[in-house]
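# Overview (structure and organization)
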Amino acid sequence: MSKSNIKILLVLATIAVLGLTYMYVFKPNMDEKKSLDSEIETLEKKYADLKAQDAKRDEYLAQIEENKAYFNEQISNYPATLDQEISVMFIKGVEKDKGNLQFDVNSVGLGQPSLFYTLSGSTSEEEGASGYECYSAKLPIVYEGSYEGLKDFVDYIMAYKYRMNISSFNISYNSADDIYSGSVELNAYCVAGADRVADTVSVNVDNGVYNPFLGGEGAVTPTSSSHDSDDGASISADHDILIALNNANNDSTDGIILSAGGSDTYVTSSENSVVDVTITVAEQDGKNMVTYAIGDSSYSMELADDELTVYVESNDRVDSNDTNGVKVNVENSTDVPVYVKVSGDDTTSPRFEIGSKTGVVKVY
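Residues numbered from 1 in each chain as written. Predicted model: local features only at pLDDT ≥ 70, side-chain atom pairs only at ≥ 80, totals over all residues. Heavy atoms only, no water.

## Brief notes about the environment of I257
Among the structural elements, I257 can be located in strand β7 (residues 256–259). Using a relative accessible area of 13% as the deciding quantity, one classes I257 as buried. Separated by 14 residues in sequence, I257 and I243 have C-alpha atoms that sit 5.7 Å apart. (Helix = DSSP H or I, 4+ residues; strand = E, 2+ residues; numbered from the N terminus. Buried < 20%, exposed > 50% of the residue type's maximum accessible area, 1.4 Å probe, protein only.)

Rendered as structure tokens:
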């Protein structure tokens, strides 16, 4: 091979080496450098952005705490569970039997909670929880009560510590008895989560008595009475308090009269409706004091005997417009027994009703 050919071959080999070096060494390095430069530029921008945010770290942390507080405030409007025990206590709070704010729950359905939404957020994740689950349950209620009682019920729902809403409210009016009845469907809600604490039911109920007809909370052990032999008939002739029940529409006297003797002891009502009568027996300065009241009107006296006798002298109703009567609640915090004799009451629509009672109370 001639020297000129050898030189040509060496030149070609050199060019090939340089080409291969460029293709497999220089060019990949240049591409990698461009990629690194681009990444560096991106990281520098991110660093600058984070640096600017870090300058406002305290402000952001304060906003985070503020938002956490707002979030916790909002979910505090909902209980952690919808246990049936909690629902029962809620319904007990709805019922009213005082004055004109009457609202009696005849029946209620305790609906099963159903999931309708899931909340998630950094707050719960930071605390190791998976998030919050939102449940709803329907509480259908069948009720009866007064007009003021219905309005009071709506106010109760609006002011209740947890968010609820009324989805339907049906009302029927009985003009003869001035009673409203119908059904209400309530929607109750809860927000469950690992960091939420469920409400507990605290019920402090004393044991009752053996015979519920002799008393209620705190009643002493039942004993026989001299009034048992004649079914309380002797009380009609000798009693401490007289309750006279007549037609409220008569022109001669009030329909309801409570008396302990003279007219200066009268507590009366001319309302043509059922009114609450409260008889209180309590010890004061070593004496047993008795107070009977209708609303703000009351009379007090000292009880000298070892028992309190009440005679209820009632009458048959005259017509459908004759609707007055009494619901007698006895609050007896002493060991003195209270005996009540009811005479002449209307058998189909009684004017007399015994309400709540504490201590020994027996009705003949």
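Still more to cover.
## What to know about the pattern of salt bridges
Summed over all chains, the structure comprises 10 salt bridges. The partner of R57 in a salt bridge is D54, and the shortest N-O contact between them spans 2.7 Å. Judged by relative accessible area, which is 38%, D54 ranks as partly exposed. In this structure, the salt-bridge partner of K92 is E95, at a minimum N-O distance of 3.2 Å. Using a relative accessible area of 27% as the deciding quantity, one classes E95 as partly exposed. (Salt bridge = Lys/Arg side-chain N within 4 Å of Asp/Glu carboxyl O.)

## Section: the packing of aromatic side chains
Counted by the stated rule, this structure contains 14 aromatic pairs. Look at F153 and F169: their rings are 6.0 Å apart centre to centre, the planes differ by 85°, and that puts the pair in the edge-to-face class. Here F169 lies in strand β4 (residues 164–174) and F153 lies in helix α5 (residues 147–159), a separation of 16 residues in the sequence. For F153, a relative accessible area of 1% gives the class buried. (Phe/Tyr/Trp six-rings, centres within 6.5 Å; stacked < 30°, edge-to-face > 60°.)

## Observations concerning the state of the cysteines
Using the criterion set out here, one finds zero disulfides in the structure. Between C134, a free cysteine, and C190, which holds the nearest cysteine sulfur, the sulfur-to-sulfur gap is 8.1 Å. The buried category is assigned to C190, whose relative accessible area is 4%. (Disulfide = S-S within 2.5 Å.)

## Some remarks on the pairing of strand β6 (residues 241–245)
When you tally the buried positions in β6, you get four out of five residues, the bulk of the element. Bridge count for β6 against strand β12 (residues 308–313) is four bridges, and the pairing is parallel. Residue pairing across strands places I243 opposite V312, the latter belonging to β12. Where β6 and β7 come together, four bridges link them in antiparallel fashion. From the neighbouring strand, A244 faces β7, where its bridge partner is I257. (Pairing = 2+ DSSP bridges.)

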